[in-house]
Each structure stands twice: as structure tokens, then as C-alpha cells.
Amino acid sequence: MDASAAPPARILVIDDDAWILRMVTAVLEKRGYKVETAADGEAGLEKAFAMLPDLVICDVMMPRKDGWTVVKALRAQPEFAFVPVIFLSALGSDEDRIRGFKLGADDYLPKPFRFEELDLRVANAIRRRQRMEADTRSSLRAPAA
């Protein structure tokens, strides 16, 4: 492996539907991402704080803590300010999507969804995060004027 190559992006998928967890994990791992999963919002928050993922994919309607609560808790922490969050949800109304964006979600994909579309949205979110991190590192190394 090339020493200059970045490690695979770490993605946390939080959903109480075991089939969704398996399918999303399979699609993302096939693309080379490292995927962790959680079956409810409370476990998802615990994993997120332990691993600091590069991206979070989260259902809205889940036991113990719903997705709204998860995103609100993540956005309250400075280390999650730039971690993209994609909601996957059966709640597809305009009001639900707007609520998700107001809470700090970066994207919202209503269920049922096409795995190809999720794959593209994930790739775009990861690319934006990596570009932002590179720009930040570059500006920190730049000499002061």
C-alpha cells in the first residue's frame, strides 16, 4: 500500500433495521470504506464518541434515541462540527427534511432509496470533508503575513 495514501474513511451507520445495516455496510465496504454499525440511537452516539467517524449515516425513527436526538447531540460537540451526517428515513415529507437540515444534517435520503444514490452521496460528502481538512491543514502551515 502506498504510504501517502489516506486510510479508508470510517463510516458509522445507525439504523434499527438489520437488513438496511447489512446492505449499506456491504455497499460501503465494497467501496473500501471501514464501516461500524449501531442498531439504535443510544448505541450510535456511544460508538460515534468512541471512534469519531468521518461520516455518519443515521435513521430517524429508532429506539432509545431517535435520529433527531443523535444529530443534535453530535452537533453540540466541537469535534463533530465537520463530520457529515446523512439521514436515511421513511419520513420523507418536506417538513421532515427541513427539520433534519435545521438540526445540522448535511443530506437527507428518504427510504426506499437506491444504493447507487447513497453511494454517490457518501462519496461526495467524504470528498468535501477531505478537501476541507486538506485546506485547513494547508492554511495552518502557511506563514503568517
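Scroll up for the structure.
A brief report on the enclosed structure follows. This is a predicted model, so every value here is computed, not measured. (Residues numbered from 1 in each chain as written. Predicted model: local features only at pLDDT ≥ 70, side-chain atom pairs only at ≥ 80, totals over all residues. Heavy atoms only, no water.)

In terms of burial, strand β1 (residues 10-14) is a largely internal element, four of the five residues being buried. Bridge count for β1 against strand β2 (residues 34-38) is five bridges, and the pairing is parallel. Across the sheet, V13 pairs through a bridge with T37, a residue of β2. Where the polypeptide runs from β1 across helix α1 (residues 18-30) and back to β2, its parallel neighbour, the crossover connection is right-handed. (Buried < 20%, exposed > 50% of the residue type's maximum accessible area, 1.4 Å probe, protein only. Helix = DSSP H or I, 4+ residues; strand = E, 2+ residues; numbered from the N terminus. Pairing = 2+ DSSP bridges. Right-handed = clockwise from strand over helix to strand, strands pointing away.)

In this section: the packing of helix α2 (residues 41-51) against helix α3 (residues 67-75). Where α2 contacts α3, the two axes come as close as 9 Å, and the packing angle between them is 25 degrees. As judged from the angle between their axes, α2 and α3 are roughly parallel. Our pair here, α2 against α3, has a crossing hand that is right-handed. When α2 is examined against α3, the residues G41, L45, A48 and F49 are found in contact with a partner set consisting of V70, A73 and L74. Of the residues assigned to the contact of α2 with α3, the class counts are six nonpolar, one polar and no charged. (Axes fitted to C-alpha atoms, helices over the stretch in contact; angles between N-to-C directions. Parallel < 35°, antiparallel > 145°, perpendicular 65-115°, else oblique. Left-handed = near helix turned anticlockwise from the far one by under 90°. Contact = heavy atoms within 4.5 Å. Nonpolar A, V, L, I, M, F, W, Y, C, P; charged D, E, K, R; others polar.)

Turning next to the packing of α3 against helix α4 (residues 94-103). Across the interface, α3 lies against α4 with an axial gap of 9 Å and an inter-helix angle of 20 degrees. Here α4 runs roughly parallel to α3, going by the angle between their axes. Crossing handedness for the pair α3 and α4: right-handed. Two secondary-structure elements touch here, α3 through W68, V71, K72 and R75 and α4 through D96, R99, G100 and L103.

Function cannot be inferred from these measures alone, as they are strictly geometric.
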